[in-house]
Amino acid sequence: MSDTFQTIEAPVTGLFKDRGSKFLAFAYPVTSEEAALVHLERLRKEHFKANHHCFAWRLGLGNDRFRANDDGEPSGTAGRPILGQIDALTLTDVVVVVVRYFGGTLLGTSGLINAYRESTAEALRQAKILQKIVKDQFLLDFDYAIMPDLMHALKKLDIETGQQTYGDRG
């Protein structure tokens, strides 16, 4: 497993139009399914007149934490193309929601796949891609007598220290 991964720095949007239909893509950096669902629900409320709110996300370092949803579009025409664009850039910890406003003309299976893929690609082209280092957290419990040596060793190894609490022990 790699010690780095790629994600997006900040929320971005993209737009694709085809035969009157508008596809608005919104991409967000997230670290949990709950955070992804918050963005999805907010967009559903903001764009309540839209016909579809299709989405995909990939989370974590393994390839097993993902979801793709077509939200009423024909099976495989929305969520999978969105996820495909996330995977094409090897991104993780990202959710993309594509809001569709129907323009009156049916696009067909290939047209839908293209529209969801291109709107997502347009949003992700706007994103600044970050390469992040995988971090683990450890809780250290020690006697105060070794605190100076321990803190010196952590600093020498350039290890980031988080919250420190002081009680009977360090």
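Anything mentioned here points back to the structure above.
Please read all numbers here as calculations on a predicted model, not as lab measurements.

Re the side chain of T120
Next, step 1: One can find T120 in helix α3 (residues 108–126).
Next, step 2: Here Y116 takes part through its backbone oxygen, which lies 2.9 Å from a polar atom of the side chain of T120.
Next, step 3: Excluding residues within four positions of it along the chain, T120 makes contact with A25, I82, Q85, V96 and V98.

Points about the packing of aromatic side chains
Next, step 1: Enumeration according to the criterion identifies three aromatic pairs in this entry.
Next, step 2: Judged by centre distance (6.5 Å) and plane angle (50°), the rings of F16 and F23 are tilted.
Next, step 3: Taking the centre distance of 5.0 Å and the plane angle of 80° together, the rings of F23 and Y116 count as edge-to-face. Of the two residues, F23 is situated in strand β3 (residues 21–29) and Y116 in helix α3; the sequence distance between them amounts to 93 residues.
Next, step 4: Using a relative accessible area of 0% as the deciding quantity, one classes F23 as buried.
Next, step 5: Clustering of aromatic rings is evident, with ring pairs tying together F16, F23 and Y116.

Here we look at the pairing of strand β4 (residues 52–58)
Next, step 1: Most of β4 sits inside the fold, with seven of its seven residues counted as buried.
Next, step 2: Alternating positions in β4 separate into two faces, H52, C54, A56 and R58 on one and H53, F55 and W57 on the other, with burial throughout.
Next, step 3: Judged from the four bridges that link them, β4 and strand β5 (residues 66–69) form a sheet pairing that is antiparallel. The residue bridging A56 from the neighbouring strand is A68, located in β5.

Digging into the side chain of T77
Next, step 1: Along the chain, T77 falls in the loop between β5 and α2 (79–88).
Next, step 2: Within the structure, the side chain of T77 is placed 2.6 Å from the backbone oxygen of P74, a separation counted as a polar contact.
Next, step 3: Apart from residues lying up to four places away in sequence, T77 is in contact with D70, T109, L112, I113 and Y116.

Reading guide: rules and limits
- Residues numbered from 1 in each chain as written.
- Predicted model: local features only at pLDDT ≥ 70, side-chain atom pairs only at ≥ 80, totals over all residues.
- Heavy atoms only, no water.
- Helix = DSSP H or I, 4+ residues; strand = E, 2+ residues; numbered from the N terminus.
- Polar contact = N/O pair within 3.5 Å; in protein donor to acceptor, adjacent residues only side chain to side chain.
- Contact = heavy atoms within 4.5 Å.
- Phe/Tyr/Trp six-rings, centres within 6.5 Å; stacked < 30°, edge-to-face > 60°.
- Buried < 20%, exposed > 50% of the residue type's maximum accessible area, 1.4 Å probe, protein only.
- Pairing = 2+ DSSP bridges.

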